[in-house]
Structures are given as C-alpha cells and as structure tokens.
Amino acid sequence: MCLSQSVMNYFPEEVLEHVFDFVTSHRDRNAVSLVCKSWYNVEKFSREKVFIGNCYAVNPERLIARFPRLRSLSLKGKPHFADFNLMPHDWGGHVYPWIEAMSKSRINLEELRLKRMVVSDESLELLAKSFPNFKSLVLVTCEGYTTDGLAAIASNCKFLRELDLQENEVDDRKGHWLSCFPESCTSLVSLNFSCLKGEVNVAALERLVARCRNLRSLRLNHAVPLEVLQKILVHAPQLNDLGTGSFTHDPNSETYVKLKNAMKNCHSIRSFSGFLDVNGRCLPAVYPICASLTALNLSYAPGIFSNELAKLIRHCKKIERLWILDTIGDKGLGVVANTCKELQELRVFPSDPYGVGNAAVTEEGLVAISAGCPKLNSILYFCQQMTNAALITVAKNCPNFIRFRLCTLNPIVPDAATNQPLDEGFGAIVQSCKGLTRLSVSGLLTDQVFLYIGMYAERLEMLSIAFAGDSDKGMLYVLNGCKKLKKLEIRDSPFGNMALLSDMGKYETMRSLWMSSCQVTLGACKTLAEKMPRLNVEIISENEGGAGEGEASLDDRDRVEKMYLYRTLVGPRTDAPDFVRTL
Amino acid sequence: MSTEIRSILSEMEFSGCLKTDLTLGLPGGAPPKPGSKRGFSDMVDLKLGASCDHDEVSVSTPPPTKAQVVGWPPVRSYRKNMMKSCKYVKVAVDGAPYLRKVDLEMYSSYQQLLAALEDMFTCLTICNVMNERKIMDTANGIEYVPTYEDRDGDWMLVGDVPWNMFVETCKRVRLMKSSEAIGLSPKTASNGLSMNR
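Model, not experiment: these values are computed from the prediction.

## Quick look at the overall build of chain A
When its secondary structure is counted, chain A shows 21 helices and 23 strands. For a compact globule of 583 residues, the expected C-alpha radius of gyration is about 25 Å, and chain A comes in at 25 Å, within 12% of that figure. Expressed as lengths along the three principal axes of its C-alpha atoms, the size of chain A is roughly 70 × 65 × 65 Å. A burial count over chain A gives 59% of its 583 residues as buried. When contacts within chain A are restricted to residue pairs at least 6 apart in sequence, those whose partners lie at least 24 apart make up 73%. When the accessible surface of chain A is summed, it comes to about 22900 Å², and 51% of that surface belongs to carbon and sulfur atoms.

What follows is the structure, given as structure tokens:
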C-alpha cells in the first residue's frame, strides 16, 4: 500500500464526503468512484445528481441501489436520429418504470430532466403524488402526455420551482391546467409552456405571475396575446428570460404603447424568444431590452422580414447565443458579424423545413460570421451550398469550435465553385479545431473526409454522417482514430460488415451506434451480438407489427434497414415492441 | 452510398428543368436566379426505405416530380409543425349569431374561399355582378362586402392582392353589410376601412 493511500485513509468519511461535494460534474464523480473501494462507497452515498445518457444502459433498480440519496435525475431515451422520423413510433423510452421504482423506494426526488422520452399522464400523476419535495421538471423533446398530466403536476407539487416544456408533443385537452396551481403556490421560478397549442386561462396566468415574486423565466405559447403579455410584464419586471406568445397588434393602439412602457421597465431580461406569430411593426417595442440581451431565439418567427431582422439585430451588441431562420440571408449574417462581437453560438434553421425552394444563406454568410465573431465556438448551419474554400477560411478564423454542424439542404451537393467533394473543407475544420467534440457533416463526401476525421478529431464525441463515404474504409478511419467517440450515427452510407465487425470492443467504449440504410447484414449483426454480450443490438423493422415483410423473412445475408446498438449492463430490454428485435 | 442512388441524385442536381418550383413571390414574378440550386424535394422518389411518415414519401406509385427523402433536412417534427402555417381564421358575418373558422390553406383562390363561405353560411350566395364578387343574402336582399383584417390591424377589401399574399397576411374575415360600406365602392377602398377595436 503506497504512502498516499494510507494517508488518505486517515481522513474520516465525512471529510471525504465534504471534499466530494466540490466535485460536481458527473464525469468527475464517475472518476472519483473508480479510485478505490472506500472512495466508491463514500461517493455513492453522497451523490445526489445522476445523469444517465441512455435509459436502457441501466435499470431503475440498479440506480436506486447505487445512489440511495438520489435527488436529481437526468435521463435520455431515444437516439438523436429519432428526431427526424427515422425511428418508428413506440420504439420505447418510457419513463414510467423509473418513476414507479423511485416512488416505491421512497427516493426523495426533487428534479427530473428527460430528453426524448415517452411520458404518460400516468407517470406525471405518479410523479406529482410521490415526491413531496419535487421542485423541477424539465422535458425536452418528449411526448405521450396531455395537459391533464400537467394539471396533476400543478395541483400537487407544492414547492414546484420549475416547469419547463421544450419542444414537446403534447395533446392539449384545452383544460385549465394552469388554473390548477393553487393560490398558495408562490414558488415558481421558471415556467415554459411555449410548445402547448391550446389556450390557457389568462386570468389565472396573470394571477400566478403576480404572486410568484421569484419568477425569472417565463415562456408563453402562441395563444397568449399581446395584451396579456403587456399585463404580465407589469407584474413581473424582474424576469431574466422571456418568451413571448403572439406578438401582433395594431401598433397605433393604447395596448401597444403600454407594452412598450412595460418593456422599458424590464431591466433584467437577458434572454428573449418567441414571436410566434409576429407583426414586424411591433418589433420596436423590444428595442430597449436588446442592448442587454445575451440570448435571442427568433427561429420560430418566419414572419419577420430580413430588413426588420437586421434592424433588430443592430441593437443586440451583447448577444452570445443567436438562433434564427435562413430568411436572414447572407446580408443579414453580415450585420450579425458586424454587430455581435460576443457571439459564441449561432444556429441558422431552414425557413422551409421540407427543403423545397431556395434558402437564402450560402457559404458567404458563414465566412462573414467567422471573420466577425472571434468567440464563435458552436454552430448549426442549414444552407443551400458550401465550398471548400469557405470552410478552410472558417477553420482559420475560428479554431475554437467545440460543435460544428453543417447541413446542406441537398445532402450530396458538391463544392459550389469547383464541383469537388467537401472533404478538404471539413478536413480543415477538424485539423484546426482541436477542441471539437461534436461534428455533423453533409454535402458530397468521400472516404477522404473520414481519414481526416480519424486523424485529427481527437476529442470528438459525437459524429453524424449522412449520404457520405465510398467504402468500409471510411467508417474504419473513424472507429480507429476517434478515441473519445461516444455516439456515432450513420444513415444512407455504404458502410458494411467489415467496418462493423473490425473492432467490436470499441462499442463498449461508446454509448451507442446507429446505422440505417447502410450495407450491414443481419448475419453480421448476429455475430456482433453473440461476441459482445454487453451490447444490445437492436434490429428495427419498418412496419410496426414486425410480421409479413418484417424480419421473419429476413435472411442472414439480407441488409438490415435500421440497426441501433448500445452498451448496457442489464441485457435486452423487456419493453421492446414487436418490430424491435434484440439479437 | 450505392452508385445507383448517387447517380440519380447527381442527375437531378444538374438537370436544368424545374418541374415544380415553389416560391413565395407573386405569381408571374421573377424566376429563380440562375445557379441557385433546386431543393432536394424535386428529385425522383428514391425509395430509400418505406416511411411511416405520411407527410413524406408515398409508398405506392411515386409521383414523378415532388418526392422527399425521409428525415432530410434533419429538422425536428416539432419545428416542422410550427413552421407549417396553420391558417385558421375567424369569419364573422354581420348579423349572424356566431362566427365560424376556416383554414385558408385549404383553398387556392378567392373563388374557392367564397364558395366555402357560401356553404358555411347557407343563406348566402355569391353573385358575380360585372366581375365583382359580391355576396348576397337573397332571402333578405342584403348585400355583403367581404373584408379582412391584415397583420397591421387594417381592414382591407378582399380580392386586391394575390391569393398567396392574402393568405399570408389575413388575420380574420368579416362579411360587412354593404349598407355600412356606403360611400366606399370597391374601386376606391384601397385605403382600407379602419375599424375601432
């Protein structure tokens, strides 16, 4: 036993625990727990916040057994490509078993954060009734519940601080869930119901806002009109984060004047979003708050014309995070480049998400931004076209990217100037940006780009590939080169069995691998599943109901349409539907 | 990817013929600028796997012009649904006890809209008098003028602007009794009618 270990053993556990309190990131805590048995035990009994990146990698029983003092749980369900209709409905990711298990074990749950999970009203009701100290519910891209479930949360969670619904699919029963917050509820700090489609009881909303003096973040839905927004702002000038509902009114009306005055009093707003349904002539009301904004999301406001947008942005000198539509155009991006010197994250979404028509942004806008915004480190850019020269320039201007996601509307468009593949451009990005952790590539791409990625992208954790590459070599470069790779998702690319089976142990170092419309066969997947018992290799059929055209007639030599594999400690899941076969 | 798919995609990329070219411009407006790329959806159906998403690829005989690859561009359905303009607007008829709602996206011309209104408010009939669309309650002899409130809050006469622009800017529709519109013939109504809220 070395000296340092015996020295550490002199510290009573309380001291260790106190030291570990300062270790907050879950990765660091995971590392701490691997040092020795005594640290493992102290850590396990003191951890309150747990993050589980794949809900099928473990199960509720193991979670509770290891972390009995759990207070805050973060869970992710479906894989990323499920967002784009590549995963059939009802694949899985149900939260109910987790809530049920924690309820039975009397876990003192205070916070629950879910992403891409199926949440039923039943789960929300059980959640609301089981945990008396429950404080925070954040649901991101979830589905499966109705406003009845929200009513249960509102009625029962006496100390609720946060109810944050981001981009959920909610069946709006048009009930009065908002009215279910009792008069005694004054604890709300954050309320986001922007994704709900139905009307809310605006009188109840106003009263709720008025009595929650600590409210800092409020995001309204489409159904809340401007008149009500104005009244709310009078009650809550202390807001930090505001999402408007509808923003359209007669700019000559008294209501609009009152809104302008109310906005002038909101000195603390740093983050702004909404404008769901907007009248461009009402925009000047927000100019007073623009100067202090650090985050602005106008990506749901197609009604703002590019010149109005440019005018607005010229007021926003401190913006760090900007989400907009491609209606801004290359010219508008030029305005951003000249104005927003603090910009760190930019997302440019397609105004026509079906990909029809001509997008207004090209490589020029991206280059302008890279030149004008030295702090840029994260980008998601949907564009009509791209060139290698532009990407090389961007790479030179911005070596600090941690996230780089480029999406050409035509997935195999070549360099617009030279008609060459975009290999060199992306190669420059990975070579220059040593800290890159997430990359999405698109456009015409050969195996060469993957050679570059494997060679240079040492910190890469997540890679998204679509319609790219020529052969198994491409995928091999990535698997061999990217040591930190956690998530790899591939669609419509010619990677097959050789690549899949070349380094099977690699998949246990990763969270998951998705391959759809590639060249892998059932036989190879079976081989992989057999050799690697700690992976679940799921074959997902097209037709819900599996039979007929499904895998009954699938031969080992047949290509598999969709394969999703992930490491797990608990074997094949028990809730898989018919069309999912775990090998 | 398979050479077959890639060659189909490249072909579509470089062939100059645009069969369905959707723009938001006025009808008869400028053609798209040369060198601008056509959207991916103008490509032939690639049969890249059957989709459970009914909005996209049709699994039976593919239509020759408009087809889409499932899940491209990668945009969440939530966002797609938000961007799909849901153009339900209220329709009020002076004197009627309740309002109705119509989805403007369901129609592609003023004629179709007025015909739908005729169906909804069964006492009304469209009379084409000298190429001006008027709506009449033939039983009572009351004439109505179709008006709408636009994004700026102004009341406009239905029919002046191209249909697509109308759909974009219309917030609600009101069939106003002609008697109220005395002094304003359709030809001089370009200032719109300012209504107090």
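Now that the structure is up, let's keep going.
## Quick word on the overall build of chain B
Within chain B, the regular secondary structure consists of 4 helices and 7 strands. Order of helices (α) and strands (β) in chain B, N terminus to C terminus: α-α-β-β-α-β-β-β-β-α-β. Across the 197 residues that make up chain B, the buried fraction comes to 40%. A separation threshold of at least 6 residues defines the contact pool for chain B, and within that pool the share at least 24 residues apart is 45%.

## Things to note about the pattern of salt bridges
Residue and element names in this part refer to chain A. Considering all chains together, one arrives at 30 salt bridges over all chains under this definition. Across the salt bridge formed by arginine 71 and glutamate 110, the nearest N and O atoms sit 3.0 Å from each other. Pair noted here: arginine 71 is in the loop between α5 (60-66) and β2 (72-76) and glutamate 110 is in the loop between α6 (96-104) and β3 (111-115), with a separation of 39 residues, a long-range link. Put simply, glutamate 508 and arginine 534 hold a salt bridge, and the shortest N to O gap is 3.2 Å. With glutamate 508 in the loop between α20 (497-501) and β20 (512-516) and arginine 534 in the loop between α21 (522-531) and β21 (535-540), the pair connects residues that are 26 residues apart, well separated along the chain. Given the relative accessible area of 26%, glutamate 508 is considered partly exposed.

## Details of helix α3 (residues 110-120) of chain B
An α-helix turns once per 3.6 residues; consequently, residues spaced three or four apart project the same way. When we look at burial in α3 of chain B, the residues that qualify are Tyr110, Leu113, Leu114, Ala116 and Leu117 of chain B. Along α3 of chain B, the residues classed as buried sweep out an arc of 155 degrees about the axis, all on the same side.

## Things to note about the packing of helix α13 (residues 306-314) of chain A against helix α14 (residues 329-339) of chain A
Residues and elements named next belong to chain A. Axis separation between α13 and α14 bottoms out at 9 Å; the angle between their running directions is 5 degrees. Classed by the angle they form, the pair α13 and α14 counts as roughly parallel. Where α13 approaches α14, its residues Ala310, Ile313 and Arg314 are matched on the opposing element by Val335, Val336 and Thr339. Per-class residue counts for the contact of α13 with α14 are 4 nonpolar, 1 polar and 1 charged.

## A closer look at the environment of glutamate 143 of chain A
All names here are of chain A. With respect to the secondary-structure elements, glutamate 143 resides in strand β5 (residues 143-146). Once residues within four sequence positions are removed from consideration, glutamate 143 is found in contact with Lys78, His89, Met117, Val118, Val119 and Glu169. A distance of 2.5 Å separates polar atoms of two side chains, one belonging to glutamate 143 and the other to lysine 78.

## A closer look at a nonpolar patch on the surface
There is a patch of nonpolar side chains on the surface, built from Phe11, Val15 and Val19 of chain A and spanning about 230 Å² of accessible area. For phenylalanine 11 of chain A, a relative accessible area of 40% corresponds to the partly exposed category.

## With respect to the side chain of glutamate 345 of chain A
Relative to the helices and strands, glutamate 345 of chain A resides in strand β14 (residues 345-349). By relative accessible area, glutamate 345 of chain A is classed as buried at 9%.

## Observations concerning the pairing of strand β19 (residues 487-491) of chain A
Residue and element names in this part refer to chain A. A large share of β19 lies buried, amounting to 4 of its 5 residues. Regarding topology, helix α19 (residues 472-481) serves as the crossover connection from strand β18 (residues 462-466) to the parallel β19, and that connection is right-handed. Alignment of β19 against β20, held across 5 bridges, turns out to be parallel. Paired with lysine 487 across the strands is serine 512, a residue of β20.

## Focus on the nonpolar core
Counting 187 residues, the largest nonpolar core has Leu73, Phe404, Ile453 and Leu500 of chain A as its most contacted members. Not counting residues up to four positions away in its chain, the partners in contact with leucine 73 of chain A are Val50, Ile52, Leu63, Trp98, Met102, Leu109, Glu111, Leu112 and Arg113 of chain A. Grouped together as the second largest cluster of nonpolar side chains are 23 residues, Leu104, Tyr144, Phe166 and Leu175 of chain B included.

## Re the side chain of serine 123 of chain A
Tracing the backbone shows serine 123 of chain A in helix α7 (residues 121-130). Leave out the neighbours within four places in its chain, and serine 123 of chain A touches Val95, Tyr96 and Ile99 of chain A.

## Points about the confidence of the model for chain A
Of the residues in chain A, 95% reach a pLDDT of 70 or more, and the chain-wide mean stands at 92. A low-confidence stretch, residues 545-551 of chain A (pLDDT under 50), is modelled with 11 contacts involving residues beyond four sequence positions or located in other chains.

## Observations regarding the packing of aromatic side chains
All names here are of chain A. Considering all chains together, one arrives at 22 aromatic pairs over all chains under this definition. Ring centres 5.3 Å apart and planes at 65 degrees place the aromatic pair phenylalanine 20 and tryptophan 39 in the edge-to-face group. Here the residue phenylalanine 20 occupies a position in helix α2 (residues 13-21), and tryptophan 39 occupies one in helix α4 (residues 37-46), the gap between them amounting to 19 residues. You'll find phenylalanine 20 and tryptophan 39 in the same group, each marked buried. Joined through ring pairs, the aromatic side chains of Tyr56, Phe81, Phe84, Trp91, Trp514, Tyr564 and Tyr566 make up one cluster.

## Structural notes on the confidence of the model for chain B
Residues and elements named next belong to chain B. With 50% of its residues at a pLDDT of 70 or more, chain B shows a mean pLDDT of 63. When pLDDT is averaged over each helix and strand of chain B, the minimum, 47, is found for helix α1 (residues 3-14) and the maximum, 89, for strand β6 (residues 155-157). Considering only residues more than four positions removed or in separate chains, one finds that residues 10-67, a stretch of pLDDT under 50, has 88 contacts.

## A few points about the pairing of β21 of chain A
Residue and element names in this part refer to chain A. The element β21 is largely enclosed, with a buried count of 6 among its 6 residues. Here β21 shows no split at all, with Leu535, Val537 and Ile539 on one side and Asn536, Glu538 and Ile540 on the other all buried. Bridge count between β21 and strand β22 (residues 562-567): 5 bridges; the pairing is antiparallel. Bridging across to β22, isoleucine 539 finds its partner in methionine 563. Here 3 bridges tie β21 to strand β23 (residues 580-582), and the two strands are oriented antiparallel to one another.

## So, the environment of arginine 69 of chain A
Residue and element names in this part refer to chain A. Here arginine 69 is to be found in the loop between α5 and β2. Exposure remark for arginine 69: the relative accessible area of 42% places this residue in the partly exposed category. Setting aside residues no more than four positions away along its own chain, arginine 69 makes contact with Glu17, Phe45, Arg47 and Glu48.

## Structural notes on unusual backbone geometry
That bond from tryptophan 72 of chain B to proline 73 of chain B is cis: its omega, -5 degrees, falls within 30 degrees of zero. Note that proline 73 of chain B resides in the loop between α1 and α2 (77-83). Residue phenylalanine 467 of chain A is not a glycine yet carries a positive backbone phi of 55 degrees. Residue classification places phenylalanine 467 of chain A among the buried residues on the basis of a relative accessible area of 1%. You will see that serine 517 of chain A, though not glycine, has its phi angle at about 55 degrees, which is positive. The topology assignment puts serine 517 of chain A in the loop between β20 and α21.

## Some words on the packing of α14 of chain A against helix α15 (residues 363-372) of chain A
Residue and element names in this part refer to chain A. Contact pair α14 / α15: the axes reach a minimum separation of 8 Å and the direction vectors enclose 5 degrees. Here α15 runs roughly parallel to α14, going by the angle between their axes. Packed against α14, whose contacting residues are Asp330, Leu333, Gly334, Val336 and Ala337, the element α15 presents Glu364, Gly365, Leu366, Ala368, Ile369 and Gly372 at the interface. Taken together, the residues of the contact of α14 with α15 sort by class into 6 nonpolar, 3 polar and 2 charged.

Conventions adopted
- Residues numbered from 1 in each chain as written.
- Chains lettered and ligands numbered in written order.
- Predicted model: local features only at pLDDT ≥ 70, side-chain atom pairs only at ≥ 80, totals over all residues.
- Heavy atoms only, no water.
- Helix = DSSP H or I, 4+ residues; strand = E, 2+ residues; numbered from the N terminus.
- Rg over C-alpha atoms; globule rule 2.2 N^0.38 Å.
- Buried < 20%, exposed > 50% of the residue type's maximum accessible area, 1.4 Å probe, protein only.
- Contact = heavy atoms within 4.5 Å.
- Areas by Shrake-Rupley, 256 points an atom, 1.4 Å probe, with all protein chains shown as cover.
- Salt bridge = Lys/Arg side-chain N within 4 Å of Asp/Glu carboxyl O.
- Arc of directions from axis to C-beta.
- Axes fitted to C-alpha atoms, helices over the stretch in contact; angles between N-to-C directions.
- Parallel < 35°, antiparallel > 145°, perpendicular 65-115°, else oblique.
- Nonpolar A, V, L, I, M, F, W, Y, C, P; charged D, E, K, R; others polar.
- Polar contact = N/O pair within 3.5 Å; in protein donor to acceptor, adjacent residues only side chain to side chain.
- Patch = residues over 30% accessible without salt bridge, like charges linked within 9 Å, V, L, I, M, F, W, Y side chains within 5 Å.
- Right-handed = clockwise from strand over helix to strand, strands pointing away.
- Pairing = 2+ DSSP bridges.
- Core = buried A, V, L, I, M, F, W, Y, C linked by side-chain atoms within 4.5 Å.
- pLDDT = per-residue confidence, 0-100.
- Phe/Tyr/Trp six-rings, centres within 6.5 Å; stacked < 30°, edge-to-face > 60°.

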